[in-house]
Amino acid sequence: MSHKLISHSPDLKKLRDEGYEIEIKKGHLLVHSIPYVNSRKEIMRGILVSALGDLAGDRTSKPHHVISFAGEHPCDKEGVVIQGIQHSSIRKTLAEGVEVDHSFSNKPENGYADYYEKVTTYIKIISSHAESIDRNATAKTFKPVDSTDDPDCVFHYLDANSSRAEIGMISNKLKDLKIAIIGLGGTGSYVLDFVAKTPVKEIHLFDSDIFLSHNAFRAPGAVSIETLNRTQKKVSYMKEIYSRLHKYVIPHEYDIDQEKLEELSTVNFVFICIDNGEVKKSIIQKLIEKKIPLIDVGIGITEIDGALTGSVRVTSVNTGKYDHIEKRVPFAEVGENDYSKNIQIAEVNALNAALAVIKWKKFFGVYHDLEKEYHSVYEINTNKIANDEITS
(Lines give C-alpha, C1' and ligand atoms only; values in the text may rest on other atoms or scores of the structure.)
Protein backbone atom coordinates (compact mmCIF):
# COMPACT_ATOMS: atom_id res chain seq x y z
CA MET A 1 0.00 0.00 0.00
CA SER A 2 2.79 2.45 0.83
CA HIS A 3 4.32 2.57 -2.66
CA LYS A 4 0.86 2.58 -4.25
CA LEU A 5 -0.12 5.56 -2.07
CA ILE A 6 3.05 7.42 -3.06
CA SER A 7 2.68 6.70 -6.77
CA HIS A 8 -1.02 7.70 -6.74
CA SER A 9 -0.50 10.90 -4.71
CA PRO A 10 1.17 13.70 -6.72
CA ASP A 11 2.31 15.50 -3.55
CA LEU A 12 4.07 12.45 -2.06
CA LYS A 13 5.47 11.45 -5.44
CA LYS A 14 6.90 14.95 -5.91
CA LEU A 15 8.62 14.74 -2.52
CA ARG A 16 10.17 11.39 -3.43
CA ASP A 17 11.17 12.46 -6.94
CA GLU A 18 12.92 15.57 -5.61
CA GLY A 19 15.08 13.39 -3.37
CA TYR A 20 13.37 13.62 0.00
CA GLU A 21 13.71 10.45 2.04
CA ILE A 22 10.06 9.62 2.63
CA GLU A 23 8.44 6.56 4.18
CA ILE A 24 4.82 5.58 4.86
CA LYS A 25 4.48 3.80 8.20
CA LYS A 26 1.36 2.94 10.19
CA GLY A 27 -0.70 5.75 8.67
CA HIS A 28 2.05 8.35 9.00
CA LEU A 29 4.35 10.12 6.56
CA LEU A 30 7.96 10.07 7.77
CA VAL A 31 10.53 12.33 6.15
CA HIS A 32 13.99 11.23 7.26
CA SER A 33 17.36 13.02 7.35
CA ILE A 34 16.10 16.54 8.03
CA PRO A 35 19.17 18.70 8.88
CA TYR A 36 18.76 21.00 11.87
CA VAL A 37 20.87 22.87 14.44
CA ASN A 38 20.72 21.81 18.09
CA SER A 39 21.33 23.92 21.21
CA ARG A 40 25.08 23.18 20.98
CA LYS A 41 25.14 24.68 17.46
CA GLU A 42 25.78 21.23 15.95
CA ILE A 43 24.16 20.07 12.71
CA MET A 44 22.03 17.00 13.39
CA ARG A 45 19.49 14.94 11.45
CA GLY A 46 15.90 14.41 12.53
CA ILE A 47 12.61 13.03 11.22
CA LEU A 48 9.48 14.99 10.37
CA VAL A 49 6.31 12.97 11.01
CA SER A 50 2.85 13.85 9.75
CA ALA A 51 -0.33 11.87 10.29
CA LEU A 52 -1.83 11.12 6.89
CA GLY A 53 -5.37 11.61 8.18
CA ASP A 54 -8.27 10.76 5.89
CA LEU A 55 -7.25 9.40 2.50
CA ALA A 56 -9.15 10.01 -0.72
CA GLY A 57 -9.23 6.37 -1.77
CA ASP A 58 -5.61 5.40 -2.44
CA ARG A 59 -4.28 8.96 -2.46
CA THR A 60 -3.74 11.77 0.03
CA SER A 61 -6.18 14.54 0.88
CA LYS A 62 -5.59 18.00 2.38
CA PRO A 63 -3.35 17.71 5.48
CA HIS A 64 -3.68 19.13 9.00
CA HIS A 65 -1.16 21.88 9.71
CA VAL A 66 0.52 20.33 12.81
CA ILE A 67 3.61 18.17 12.31
CA SER A 68 5.77 16.11 14.69
CA PHE A 69 9.53 15.76 14.95
CA ALA A 70 11.92 13.08 16.20
CA GLY A 71 15.17 14.59 17.50
CA GLU A 72 16.27 17.51 19.61
CA HIS A 73 14.35 20.73 19.32
CA PRO A 74 15.60 22.64 16.22
CA CYS A 75 17.43 25.88 16.91
CA ASP A 76 18.79 28.77 14.91
CA LYS A 77 22.48 28.98 14.05
CA GLU A 78 23.18 30.53 17.48
CA GLY A 79 21.66 27.57 19.29
CA VAL A 80 18.45 29.38 20.26
CA VAL A 81 15.22 27.37 19.98
CA ILE A 82 13.08 28.30 16.94
CA GLN A 83 10.07 29.68 18.79
CA GLY A 84 7.88 30.43 15.79
CA ILE A 85 6.89 26.77 15.37
CA GLN A 86 6.88 25.65 19.03
CA HIS A 87 3.80 23.65 20.00
CA SER A 88 4.65 20.92 22.54
CA SER A 89 7.65 18.87 23.59
CA ILE A 90 7.01 15.42 24.98
CA ARG A 91 8.26 12.00 23.98
CA LYS A 92 5.34 9.98 22.63
CA THR A 93 4.54 6.99 20.47
CA LEU A 94 2.19 7.88 17.60
CA ALA A 95 2.01 4.30 16.31
CA GLU A 96 4.04 1.12 16.57
CA GLY A 97 7.57 2.05 15.55
CA VAL A 98 6.74 5.77 15.18
CA GLU A 99 8.10 7.79 18.12
CA VAL A 100 8.48 11.58 18.25
CA ASP A 101 9.84 14.20 20.65
CA HIS A 102 8.11 17.43 19.62
CA SER A 103 5.16 18.78 17.68
CA PHE A 104 5.26 22.00 15.67
CA SER A 105 2.54 24.32 14.48
CA ASN A 106 2.81 26.70 11.55
CA LYS A 107 -0.59 27.39 9.99
CA PRO A 108 -0.94 29.41 6.78
CA GLU A 109 -4.13 31.44 6.40
CA ASN A 110 -5.73 28.85 4.11
CA GLY A 111 -3.90 25.82 5.46
CA TYR A 112 -1.62 23.65 3.36
CA ALA A 113 -2.78 22.62 -0.09
CA ASP A 114 -1.04 19.24 0.15
CA TYR A 115 1.73 17.32 1.91
CA TYR A 116 4.38 18.63 -0.45
CA GLU A 117 3.66 22.22 0.58
CA LYS A 118 3.42 21.26 4.26
CA VAL A 119 6.63 19.25 4.42
CA THR A 120 8.77 21.63 2.36
CA THR A 121 7.57 24.61 4.41
CA TYR A 122 8.62 22.99 7.68
CA ILE A 123 11.91 21.84 6.14
CA LYS A 124 12.68 25.39 5.04
CA ILE A 125 11.98 26.74 8.53
CA ILE A 126 14.06 24.06 10.27
CA SER A 127 16.87 23.43 7.81
CA SER A 128 17.63 26.97 6.69
CA HIS A 129 19.66 27.48 9.87
CA ALA A 130 21.69 24.34 9.23
CA GLU A 131 22.29 25.48 5.65
CA SER A 132 23.60 28.82 6.93
CA ILE A 133 26.35 26.86 8.71
CA ASP A 134 26.91 24.25 6.00
CA ARG A 135 25.47 24.93 2.57
CA ASN A 136 25.64 21.19 1.82
CA ALA A 137 23.17 20.40 4.61
CA THR A 138 20.13 19.24 2.65
CA ALA A 139 17.18 16.94 3.21
CA LYS A 140 17.35 15.80 -0.41
CA THR A 141 19.39 12.64 0.14
CA PHE A 142 18.09 10.69 -2.89
CA LYS A 143 18.42 7.56 -0.78
CA PRO A 144 17.15 4.43 -2.62
CA VAL A 145 13.56 3.51 -1.73
CA ASP A 146 13.01 -0.20 -1.02
CA SER A 147 10.21 -1.66 -3.16
CA THR A 148 10.25 -5.27 -1.93
CA ASP A 149 6.76 -4.89 -0.46
CA ASP A 150 5.30 -3.67 -3.75
CA PRO A 151 4.10 -6.64 -5.82
CA ASP A 152 3.59 -4.43 -8.87
CA CYS A 153 7.23 -3.28 -8.99
CA VAL A 154 9.77 -5.49 -10.79
CA PHE A 155 12.69 -3.68 -9.16
CA HIS A 156 14.03 -4.18 -5.65
CA TYR A 157 14.10 -0.40 -5.24
CA LEU A 158 12.13 2.28 -7.00
CA ASP A 159 13.27 3.59 -10.38
CA ALA A 160 14.19 7.07 -9.23
CA ASN A 161 15.93 7.71 -12.56
CA SER A 162 12.72 7.56 -14.61
CA SER A 163 10.66 9.43 -12.02
CA ARG A 164 13.29 12.14 -11.61
CA ALA A 165 13.41 12.64 -15.38
CA GLU A 166 9.59 12.41 -15.54
CA ILE A 167 9.68 9.65 -18.18
CA GLY A 168 7.95 6.99 -16.10
CA MET A 169 4.93 6.81 -18.41
CA ILE A 170 7.23 6.30 -21.40
CA SER A 171 9.29 3.60 -19.66
CA ASN A 172 6.10 1.81 -18.64
CA LYS A 173 5.37 1.01 -22.29
CA LEU A 174 7.72 -1.94 -21.73
CA LYS A 175 6.25 -3.18 -18.43
CA ASP A 176 4.13 -6.07 -19.75
CA LEU A 177 6.87 -7.65 -21.87
CA LYS A 178 8.57 -10.98 -21.27
CA ILE A 179 12.00 -10.87 -22.89
CA ALA A 180 14.35 -13.69 -23.93
CA ILE A 181 18.09 -13.19 -24.49
CA ILE A 182 19.67 -16.10 -26.33
CA GLY A 183 23.41 -16.10 -25.78
CA LEU A 184 25.11 -14.34 -22.86
CA GLY A 185 28.46 -13.62 -24.49
CA GLY A 186 29.81 -10.10 -24.91
CA THR A 187 26.84 -8.57 -26.73
CA GLY A 188 24.19 -10.61 -24.94
CA SER A 189 25.50 -9.66 -21.52
CA TYR A 190 25.32 -5.96 -22.40
CA VAL A 191 21.80 -6.43 -23.76
CA LEU A 192 20.91 -7.85 -20.34
CA ASP A 193 22.59 -4.90 -18.61
CA PHE A 194 20.38 -2.47 -20.51
CA VAL A 195 17.14 -4.49 -20.40
CA ALA A 196 17.45 -5.17 -16.65
CA LYS A 197 17.08 -1.43 -16.07
CA THR A 198 13.65 -1.39 -17.74
CA PRO A 199 10.34 -2.43 -16.12
CA VAL A 200 9.84 -5.54 -18.26
CA LYS A 201 7.91 -8.34 -16.56
CA GLU A 202 10.46 -11.13 -17.05
CA ILE A 203 13.94 -11.58 -18.53
CA HIS A 204 14.78 -15.14 -19.64
CA LEU A 205 18.44 -16.02 -20.21
CA PHE A 206 19.52 -18.96 -22.39
CA ASP A 207 23.15 -20.14 -22.50
CA SER A 208 24.93 -23.39 -21.56
CA ASP A 209 28.47 -21.97 -21.35
CA ILE A 210 30.65 -21.41 -18.30
CA PHE A 211 31.64 -17.83 -17.42
CA LEU A 212 35.42 -17.81 -18.00
CA SER A 213 38.25 -15.29 -17.81
CA HIS A 214 37.93 -14.11 -21.41
CA ASN A 215 34.20 -13.44 -20.82
CA ALA A 216 35.11 -11.14 -17.95
CA PHE A 217 36.94 -8.84 -20.36
CA ARG A 218 33.94 -8.29 -22.62
CA ALA A 219 31.05 -8.20 -20.15
CA PRO A 220 29.72 -5.34 -18.00
CA GLY A 221 31.31 -4.67 -14.64
CA ALA A 222 34.45 -6.06 -13.02
CA VAL A 223 34.63 -9.72 -12.03
CA SER A 224 36.77 -10.94 -9.14
CA ILE A 225 39.09 -13.90 -9.48
CA GLU A 226 37.15 -15.58 -6.66
CA THR A 227 34.01 -15.38 -8.78
CA LEU A 228 35.79 -16.83 -11.82
CA ASN A 229 37.12 -19.70 -9.70
CA ARG A 230 33.54 -20.74 -8.96
CA THR A 231 33.15 -21.77 -12.65
CA GLN A 232 29.51 -20.77 -12.85
CA LYS A 233 27.31 -20.97 -15.88
CA LYS A 234 27.02 -17.58 -17.59
CA VAL A 235 23.30 -17.36 -16.92
CA SER A 236 23.74 -18.17 -13.21
CA TYR A 237 26.42 -15.52 -12.84
CA MET A 238 24.30 -12.94 -14.68
CA LYS A 239 21.23 -13.77 -12.60
CA GLU A 240 23.27 -13.29 -9.42
CA ILE A 241 24.36 -9.85 -10.59
CA TYR A 242 21.18 -8.50 -12.14
CA SER A 243 18.75 -9.97 -9.60
CA ARG A 244 20.13 -7.35 -7.25
CA LEU A 245 18.16 -4.87 -9.34
CA HIS A 246 15.42 -6.74 -11.22
CA LYS A 247 13.28 -9.31 -9.42
CA TYR A 248 12.51 -11.50 -12.42
CA VAL A 249 15.75 -12.54 -14.13
CA ILE A 250 15.21 -16.21 -15.02
CA PRO A 251 18.24 -18.35 -15.99
CA HIS A 252 18.10 -21.37 -18.29
CA GLU A 253 21.40 -23.26 -18.18
CA TYR A 254 21.13 -24.67 -21.68
CA ASP A 255 21.11 -23.56 -25.30
CA ILE A 256 18.00 -23.23 -27.42
CA ASP A 257 17.96 -26.04 -29.98
CA GLN A 258 15.31 -27.77 -32.09
CA GLU A 259 13.92 -29.60 -29.08
CA LYS A 260 13.59 -26.48 -26.95
CA LEU A 261 12.25 -23.99 -29.47
CA GLU A 262 8.77 -24.21 -27.99
CA GLU A 263 10.03 -22.55 -24.78
CA LEU A 264 10.17 -19.26 -26.66
CA SER A 265 6.39 -19.34 -27.16
CA THR A 266 5.80 -17.70 -23.77
CA VAL A 267 7.85 -14.55 -24.42
CA ASN A 268 6.99 -11.33 -26.24
CA PHE A 269 10.38 -10.43 -27.68
CA VAL A 270 13.69 -12.19 -28.35
CA PHE A 271 17.26 -10.93 -28.66
CA ILE A 272 19.42 -13.44 -30.59
CA CYS A 273 23.07 -13.02 -29.65
CA ILE A 274 24.68 -16.23 -30.96
CA ASP A 275 26.87 -17.16 -33.92
CA ASN A 276 25.60 -20.67 -34.74
CA GLY A 277 23.93 -20.10 -38.10
CA GLU A 278 21.92 -23.30 -38.24
CA VAL A 279 20.46 -22.83 -34.75
CA LYS A 280 19.86 -19.15 -35.43
CA LYS A 281 17.88 -19.96 -38.57
CA SER A 282 15.63 -22.43 -36.76
CA ILE A 283 15.01 -19.93 -33.95
CA ILE A 284 14.06 -17.16 -36.37
CA GLN A 285 11.76 -19.45 -38.33
CA LYS A 286 10.02 -20.50 -35.14
CA LEU A 287 9.59 -16.92 -33.94
CA ILE A 288 8.17 -15.83 -37.30
CA GLU A 289 5.75 -18.74 -37.11
CA LYS A 290 4.71 -17.69 -33.59
CA LYS A 291 4.55 -14.00 -34.62
CA ILE A 292 7.10 -13.04 -31.96
CA PRO A 293 9.29 -10.05 -32.90
CA LEU A 294 13.06 -10.37 -32.60
CA ILE A 295 16.39 -8.68 -33.05
CA ASP A 296 19.48 -10.52 -34.28
CA VAL A 297 22.89 -8.98 -33.68
CA GLY A 298 26.30 -9.56 -35.19
CA ILE A 299 29.87 -8.30 -35.18
CA GLY A 300 32.61 -8.80 -37.74
CA ILE A 301 36.16 -7.78 -36.77
CA THR A 302 39.36 -7.99 -38.83
CA GLU A 303 42.93 -6.80 -38.37
CA ILE A 304 44.42 -4.50 -41.00
CA ASP A 305 47.89 -3.01 -40.74
CA GLY A 306 48.10 -3.57 -37.03
CA ALA A 307 44.69 -2.10 -36.17
CA LEU A 308 41.19 -3.51 -35.81
CA THR A 309 38.26 -2.60 -38.00
CA GLY A 310 34.91 -4.13 -38.76
CA SER A 311 31.19 -3.64 -38.46
CA VAL A 312 28.28 -3.99 -36.06
CA ARG A 313 24.94 -5.28 -37.35
CA VAL A 314 21.39 -5.07 -35.98
CA THR A 315 18.65 -6.87 -37.90
CA SER A 316 15.07 -6.80 -36.64
CA VAL A 317 11.96 -8.78 -37.52
CA ASN A 318 8.28 -8.47 -36.73
CA THR A 319 5.07 -9.86 -38.15
CA GLY A 320 4.90 -7.18 -40.83
CA LYS A 321 8.46 -7.47 -42.07
CA TYR A 322 10.53 -10.64 -42.43
CA ASP A 323 11.25 -11.00 -46.14
CA HIS A 324 14.75 -9.59 -45.66
CA ILE A 325 16.05 -12.34 -43.37
CA GLU A 326 17.82 -14.53 -45.92
CA LYS A 327 19.87 -11.71 -47.37
CA ARG A 328 20.58 -9.80 -44.16
CA VAL A 329 21.27 -12.46 -41.52
CA PRO A 330 24.32 -14.72 -42.08
CA PHE A 331 23.35 -18.35 -41.45
CA ALA A 332 26.68 -19.84 -42.54
CA GLU A 333 29.05 -20.92 -39.78
CA VAL A 334 31.36 -18.17 -38.49
CA GLY A 335 34.79 -18.35 -40.02
CA GLU A 336 38.15 -17.81 -38.38
CA ASN A 337 37.94 -14.06 -38.21
CA ASP A 338 39.60 -12.12 -35.43
CA TYR A 339 36.43 -11.82 -33.38
CA SER A 340 36.15 -15.59 -33.04
CA LYS A 341 39.70 -15.60 -31.64
CA ASN A 342 38.47 -13.76 -28.54
CA ILE A 343 40.09 -10.38 -29.12
CA GLN A 344 38.90 -8.16 -26.27
CA ILE A 345 36.42 -5.71 -27.76
CA ALA A 346 34.01 -4.90 -24.95
CA GLU A 347 33.16 -1.48 -26.35
CA VAL A 348 32.09 -2.98 -29.68
CA ASN A 349 29.92 -5.54 -27.87
CA ALA A 350 28.40 -2.73 -25.83
CA LEU A 351 27.73 -0.68 -28.98
CA ASN A 352 26.07 -3.65 -30.68
CA ALA A 353 23.87 -4.17 -27.63
CA ALA A 354 23.03 -0.46 -27.32
CA LEU A 355 21.94 -0.23 -30.95
CA ALA A 356 19.84 -3.38 -30.54
CA VAL A 357 18.15 -2.16 -27.36
CA ILE A 358 17.43 1.26 -28.88
CA LYS A 359 15.78 -0.47 -31.84
CA TRP A 360 13.78 -2.68 -29.47
CA LYS A 361 12.56 0.40 -27.61
CA LYS A 362 11.58 1.97 -30.93
CA PHE A 363 9.32 -1.01 -31.61
CA PHE A 364 7.35 -0.21 -28.46
CA GLY A 365 7.20 3.56 -28.75
CA VAL A 366 9.85 4.56 -26.22
CA TYR A 367 11.92 6.28 -28.93
CA HIS A 368 10.78 7.93 -32.13
CA ASP A 369 11.35 5.76 -35.21
CA LEU A 370 11.21 7.92 -38.33
CA GLU A 371 12.78 5.55 -40.86
CA LYS A 372 11.55 2.26 -39.39
CA GLU A 373 14.62 0.45 -40.69
CA TYR A 374 14.86 -3.30 -40.13
CA HIS A 375 18.59 -3.58 -40.80
CA SER A 376 21.44 -1.27 -39.83
CA VAL A 377 25.22 -1.59 -39.98
CA TYR A 378 27.77 0.56 -38.19
CA GLU A 379 31.24 0.68 -39.78
CA ILE A 380 34.06 1.27 -37.32
CA ASN A 381 36.61 2.86 -39.66
CA THR A 382 34.18 5.37 -41.19
CA ASN A 383 32.09 5.92 -38.03
CA LYS A 384 28.89 5.72 -40.06
CA ILE A 385 25.60 3.86 -39.68
CA ALA A 386 23.80 2.69 -42.82
CA ASN A 387 20.08 1.91 -42.58
CA ASP A 388 18.42 -0.59 -44.92
CA GLU A 389 15.08 -2.37 -45.25
CA ILE A 390 13.33 0.92 -44.57
CA THR A 391 9.53 0.78 -44.39
CA SER A 392 8.59 4.40 -43.66
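This text follows the structure it describes.
Let me sum up the structure you'll find in this document.

Calculation rules
- Residues numbered from 1 in each chain as written.
- Predicted model: local features only at pLDDT ≥ 70, side-chain atom pairs only at ≥ 80, totals over all residues.
- Heavy atoms only, no water.
- Helix = DSSP H or I, 4+ residues; strand = E, 2+ residues; numbered from the N terminus.
- Rg over C-alpha atoms; globule rule 2.2 N^0.38 Å.
- Buried < 20%, exposed > 50% of the residue type's maximum accessible area, 1.4 Å probe, protein only.
- Contact = heavy atoms within 4.5 Å.
- Pairing = 2+ DSSP bridges.
- Axes fitted to C-alpha atoms, helices over the stretch in contact; angles between N-to-C directions.
- Phe/Tyr/Trp six-rings, centres within 6.5 Å; stacked < 30°, edge-to-face > 60°.
- Salt bridge = Lys/Arg side-chain N within 4 Å of Asp/Glu carboxyl O.
- Polar contact = N/O pair within 3.5 Å; in protein donor to acceptor, adjacent residues only side chain to side chain.
- Core = buried A, V, L, I, M, F, W, Y, C linked by side-chain atoms within 4.5 Å.

## Some words on the overall build of the chain
Alright, step 1. Helix and strand counts for the chain come out as twelve helices and 14 strands.
Alright, step 2. Taking 21 Å as the expected radius of gyration for a compact globule of 392 residues, we find that the chain reaches 27 Å, considerably beyond that expectation.
Alright, step 3. In terms of principal-axis extent, the alpha carbons of the chain reach across some 80 × 45 × 40 Å.
Alright, step 4. When each of the 392 residues of the chain is scored for burial, the buried share is 47%.
Alright, step 5. Restricting to contacts in the chain with at least 6 residues of sequence separation, those with at least 24 account for 64%.

## Focus: the sheet that holds strand β9 (residues 249–252)
Alright, step 1. Reading across the sheet, the eight strands line up as β9-β8-β7-β10-β11-β12-β13-β14 and stay open at both edges, with mixed pairing between neighbours. Each edge of the open sheet carries a strand with a single partner, namely β9 and β14 (384–390). With direction set aside, neighbouring strand axes in the sheet form an average angle of 15°.
Alright, step 2. Sheet topology note: the strand β7 (residues 178–182)/strand β10 (residues 269–272) ladder contains four bridges and is parallel. Looking across to β10, one finds that Ala 180 is bridged to Val 270.

## A short note on the packing of aromatic side chains
Alright, step 1. By the definition in use, this model includes twelve aromatic pairs.
Alright, step 2. An angle of 50° between the planes, with centres 6.4 Å apart, marks the rings of Phe 269 and Trp 360 as tilted. Separated by 91 residues along the polypeptide, Phe 269 in strand β10 and Trp 360 in helix α12 (residues 346–363) bring together distant segments of the chain.
Alright, step 3. Each ring, one from Phe 269 and one from Phe 363, has its centre 6.0 Å from the other, and the planes form 55°; the classification is tilted. Taken as a pair, Phe 269 in strand β10 and Phe 363 in helix α12 lie far apart in primary sequence, 94 residues in all.
Alright, step 4. The exposure class of Phe 363 is partly exposed, given its relative accessible area of 24%.
Alright, step 5. Each member of the aromatic cluster is reached from another via a ring pair, and the members are Phe 269, Phe 271, Trp 360, Phe 363, Phe 364 and Tyr 374.

## Comments concerning unusual backbone geometry
Alright, step 1. With phi around 60°, Lys 291 is a residue other than glycine that occupies positive phi space.
Alright, step 2. By the secondary structure assignment, Lys 291 is in the loop between α10 (277–290) and β11 (294–304).
Alright, step 3. A relative accessible area of 63% means that Lys 291 is categorised as exposed.
Alright, step 4. Positive phi values are uncommon outside glycine, yet Lys 372 reaches one of about 55°.
Alright, step 5. Mapped onto the elements of the fold, Lys 372 is located in the loop between α12 and β13 (373–379).
Alright, step 6. The class for Lys 372 is partly exposed, based on a relative accessible area of 39%.

## Focus: the pattern of salt bridges
A side chain with one charge can pair with a side chain of the opposite charge if their charged atoms come near.
Alright, step 1. Counting across every chain of the model gives 28 salt bridges.
Alright, step 2. Here Glu 373 makes a salt bridge to Lys 359, at a shortest N to O gap of 3.7 Å. With Glu 373 in strand β13 and Lys 359 in helix α12, this pair connects stretches of sequence that are 14 residues apart.
Alright, step 3. A relative accessible area of 4% places Lys 359 in the buried class.
Alright, step 4. Salt bridges sharing common partners tie together Lys 321, Asp 323, Lys 327, Arg 328, Asp 388 and Glu 389.

## A look at the side chain of Gln 232
Alright, step 1. Positionally, Gln 232 belongs in the loop between α8 (225–228) and α9 (234–242).
Alright, step 2. By relative accessible area, Gln 232 is classed as buried at 14%.
Alright, step 3. A polar side-chain atom of Gln 232 sits 3.1 Å from a polar atom in the side chain of Glu 240.
Alright, step 4. Ignoring any residue separated from it by four or fewer positions in sequence, one finds Gln 232 in contact with Asp 209, Ile 210, Phe 211, Thr 227, Tyr 237 and Glu 240.

## Some words on the side chain of Ser 316
Alright, step 1. Here Ser 316 is to be found in strand β12 (residues 307–317).
Alright, step 2. By relative accessible area, which is 1% here, Ser 316 ends up buried.

## Structural notes on the sheet that holds strand β5 (residues 86–95)
Alright, step 1. With respect to topology, six strands assemble into an open sheet ordered β1-β2-β3-β4-β6-β5, the strand pairing being antiparallel. Single-partner strands in this sheet number two, and they are β1 (21–25) and β5. Averaged over all neighbouring strand pairs, the angle between strand axes comes to 35°, with direction disregarded.
Alright, step 2. Examined bridge by bridge, strand β4 (residues 66–70) and strand β6 (residues 98–105) share four bridges and lie antiparallel to one another. Bridged to Phe 69 within β6 is His 102.
Alright, step 3. This element, helix α3 (residues 115–133), spans β2 (28–37), β3 (43–51), β4 and β6 of the sheet and lies at about 20° to β2.

## Quick notes on the nonpolar core
As a rule of thumb, nonpolar side chains are buried together in soluble globular proteins.
Alright, step 1. Counting 36 residues, the largest nonpolar core has Ile 181, Phe 271 and Trp 360 as its most contacted members.
Alright, step 2. Of all the elements in the fold, those that place two or more residues in this core are β7, α6 (186–195), β8 (202–206), α9, β10, β11 and α12.
Alright, step 3. Among the elements that take part in this core, α12 stands out by supplying six residues, more than any other.
Alright, step 4. Ignoring anything within four residues of it in the chain, the contact list for Trp 360 reads Leu 174, Leu 177, Ile 179, Val 195, Thr 198, Val 200, Phe 269, Phe 271 and Ile 295.
Alright, step 5. Counting 26 residues, the second-largest nonpolar core is a separate cluster that includes Leu 5, Tyr 20, Ile 85 and Tyr 115.

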